[in-house]
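Read off the chains here:
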Amino acid sequence: MAGTRITSLLIPVGGAVLLSGLAGAAYYYFNKEDEVETNTSKSSGQRCVSTRVRVPVDVVGLVIGRQGSNIKLIQDRTNTKIDFSDEAEVDGHRSCSIHGSEDSVCLAQQLILKAVKDQPVMETKEMLVPQVAVGRIIGRGGNAIRQLSHSTGAKIIVEREEDRPIPLNYPEDMKKIVLKGSIEQIEAAKLQLLQKVAEEETMRQQISASAANMSLRARTRQTNQETEANQSPVSIGSPNHESLSPGSSERFLEAFVSAVESAAHFWIQLVGPQSVELDKLVTEMTEYYSNEETRELHSLDKVKEGSMVAAKFLDDNSWYRGRVCECLEEEGKGRQVNVYYVDFGDTEIVKGDSVCELRTDFLRLSFQAMECFLANIIPESAKGDKAADAFEELTYAAQWRPVMVKVVGYRQEGEGTIPCVQIVDTNGPEDVEVAEELVKRGLAEYANGTSISTSTS
């Protein structure tokens, strides 16, 4: 070893590990007698050696690197051949064999030991976040949490419902998140998680402000023909219509019940950033169409059934997006239009001068109203006014107070399918399952004769 100069080498282990000043490097996991085995042989006048080093299992992946990048750098730098055995792990270690000239093997061995030594100490920390922020943290399809883990290097595990301790030793409205990594990685992950929580809180404040601006809307009374008209030509699940995808059946979602036809048939809006966008859109449309000159510019000489229009809602004098269900001509009343409000699900007959051409940029937001049926209820048993009144009360219909919904099935209607959802009110001290409460009040019957779970986590 005398006369051998060991230079610095940059090896990207878990980001980047700078190996420098290796003279005299040692690692407490290893010692000459127990952890390193060396064999020597002579070939072509050169003295070759074979050394075996044991590497802790928890850092093997980092030492090897992605697709072997780290080990390849060491091999190229030292002109050695390095192999990790496929043998079963012994005492938490895997064997690493190094082959080459004596000086090269010594250098490669020191670089590997230095890489092991420089690995940060892995820790495990826990933190609590509000349950309402978990959806934002995970993201659609888990994209957000994967990105967060990739950017910080920490492993992030969101507590599953079945893993929650009994009895619960933290607030019920909180969710535990486990973070694994170095101190720096964990702190970076914590910072980004807290940022997600803050973003969710800001959004909810905006939603509350938007909900306060929304007017109360009376329950719609639609005939079967009107209901069929509302599904065409813009059907549920079309590209410009919000929909409850099959993945929605895996968890509860926050929603407003926006319109009610009966205790078994209604419309909802999902709570989220789109709630704020809808409020902005309605404000912008109302300001625009409240101007008489603007209305004249966008007046319609002829209104076609199925066409998209801007329509005034008489109860609050605001303007909304609507679809024409039917054009009516009644003597003494002039032209009237039956309009389906695509963001709320209700219908109303308005005067012809309260319907205008819809400016195309007002179509930028997908239609928010989603038609649903109440799951586990026999529809025929829940069509009366009393049942509908109770359903409105239990779901805060058109009062812009959220309930939790979960898709449990689908119902075929014409050429499309409509989701059947479970609804749970979590606003009170105890959760109330709406279908179950309707049955308790004698206003509906279970389709299968059994109750269902009300857990919303």
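What counts and how
- Residues numbered from 1 in each chain as written.
- Predicted model: local features only at pLDDT ≥ 70, side-chain atom pairs only at ≥ 80, totals over all residues.
- Heavy atoms only, no water.
- Helix = DSSP H or I, 4+ residues; strand = E, 2+ residues; numbered from the N terminus.
- Buried < 20%, exposed > 50% of the residue type's maximum accessible area, 1.4 Å probe, protein only.
- Contact = heavy atoms within 4.5 Å.
- Areas by Shrake-Rupley, 256 points an atom, 1.4 Å probe, with all protein chains shown as cover.
- Pairing = 2+ DSSP bridges.
- Axes fitted to C-alpha atoms, helices over the stretch in contact; angles between N-to-C directions.
- Arc of directions from axis to C-beta.
- Salt bridge = Lys/Arg side-chain N within 4 Å of Asp/Glu carboxyl O.

**Topic: the overall build of the protein chain**
Line of reasoning, step 1. Counting its regular elements, the protein chain contains 12 helices and 20 strands.
Line of reasoning, step 2. Buried positions account for 46% of the 457 residues belonging to the protein chain.
Line of reasoning, step 3. Expressed as a percentage of contacts within the protein chain between residues at least 6 apart in sequence, the contacts between residues at least 24 apart total 66%.
Line of reasoning, step 4. Within the structure as shown, the protein chain displays about 24200 Å² of accessible surface, and the carbon and sulfur contribution to it stands at 47%.

**Considering the sheet that holds strand S7 (residues 123–130)**
Line of reasoning, step 1. The strand order S7-S9-S8 describes an open sheet built from 3 strands, whose pairing is antiparallel. The open sheet has two edge strands, S7 and strand S8 (155–158), and neither has a second partner. Strand-to-strand, the axes of this sheet are offset by a mean angle of 25°, without reference to chain direction.
Line of reasoning, step 2. Summarising the sheet, S7 and strand S9 (residues 174–181) pair through 8 bridges and their orientation is antiparallel. Across the sheet, the residue bridging to Glu123 is Gly181, located in S9.

**Overview of unusual backbone geometry**
Line of reasoning, step 1. Backbone torsion omega between Ile166 and Pro167 reads -5°, so that peptide bond is classified as cis.
Line of reasoning, step 2. Of note, Pro167 is situated in the loop between S8 and S9.
Line of reasoning, step 3. Phi is positive for Asn376, which is not a glycine, with a value near 70°.
Line of reasoning, step 4. Position of Asn376 among the secondary structure elements: in the loop between strand S17 (370–374) and helix H11 (385–395).
Line of reasoning, step 5. For Ala398, which is not a glycine, the phi torsion comes out positive at approximately 60°.
Line of reasoning, step 6. In this structure, Ala398 sits in the loop between H11 and strand S18 (403–413).

**Focus on helix H3 (residues 69–78)**
Line of reasoning, step 1. Those residues of H3 that sit buried are Asn70, Ile71, Ile74, Gln75 and Thr78. End-on, the buried residues of H3 take up no more than an arc of 135°, which puts them together on one face.
Line of reasoning, step 2. Of the residues one or two after H3, Asn79 is the one with positive phi, at around 55°.

**Here's the deal with the pattern of salt bridges**
Line of reasoning, step 1. A complete count under the given rule lists 23 salt bridges for this structure.
Line of reasoning, step 2. For Glu123, the salt bridge identified is with Lys125, shortest N-O distance 3.8 Å.
Line of reasoning, step 3. One salt bridge connects Arg204 with Glu254, and the closest N-O pair in it is separated by 2.3 Å. Of this pair, Arg204 sits in helix H7 (residues 183–213) while Glu254 sits in strand S10 (residues 253–262), and the two are 50 residues apart along the sequence.
Line of reasoning, step 4. A single salt-bridge network, built from bridges that share partners, covers Arg136, Glu199, Glu200, Arg204 and Glu254.

**Quick word on the environment of Ile418**
Line of reasoning, step 1. Among the secondary structure elements, Ile418 is positioned in strand S19 (residues 416–425).
Line of reasoning, step 2. Taking the C-alpha atoms as reference points, Ile418 and Ser243, 175 residues apart in sequence, are found 9.5 Å from one another.

**Topic: the sheet that holds strand S13 (residues 318–330)**
Line of reasoning, step 1. Pairing in this open sheet of 5 strands is antiparallel, and the strands run S15-S14-S13-S12-S16 from one edge to the other. The open sheet terminates on both sides in strands that have one partner only, identified here as strand S15 (347–351) and strand S16 (355–357). This sheet shows a mean twist of 50° between the axes of neighbouring strands, independent of strand direction.
Line of reasoning, step 2. Bridging between strand S12 (residues 308–313) and S16 involves 3 bridges; their strand directions are antiparallel. Residue Val309 lies in a different strand from S16, and its bridge partner there is Glu357.
Line of reasoning, step 3. The sheet contacts of helix H9 (residues 273–289) involve S12, S13 and S16, and relative to S13 the element is tilted by about 60°.

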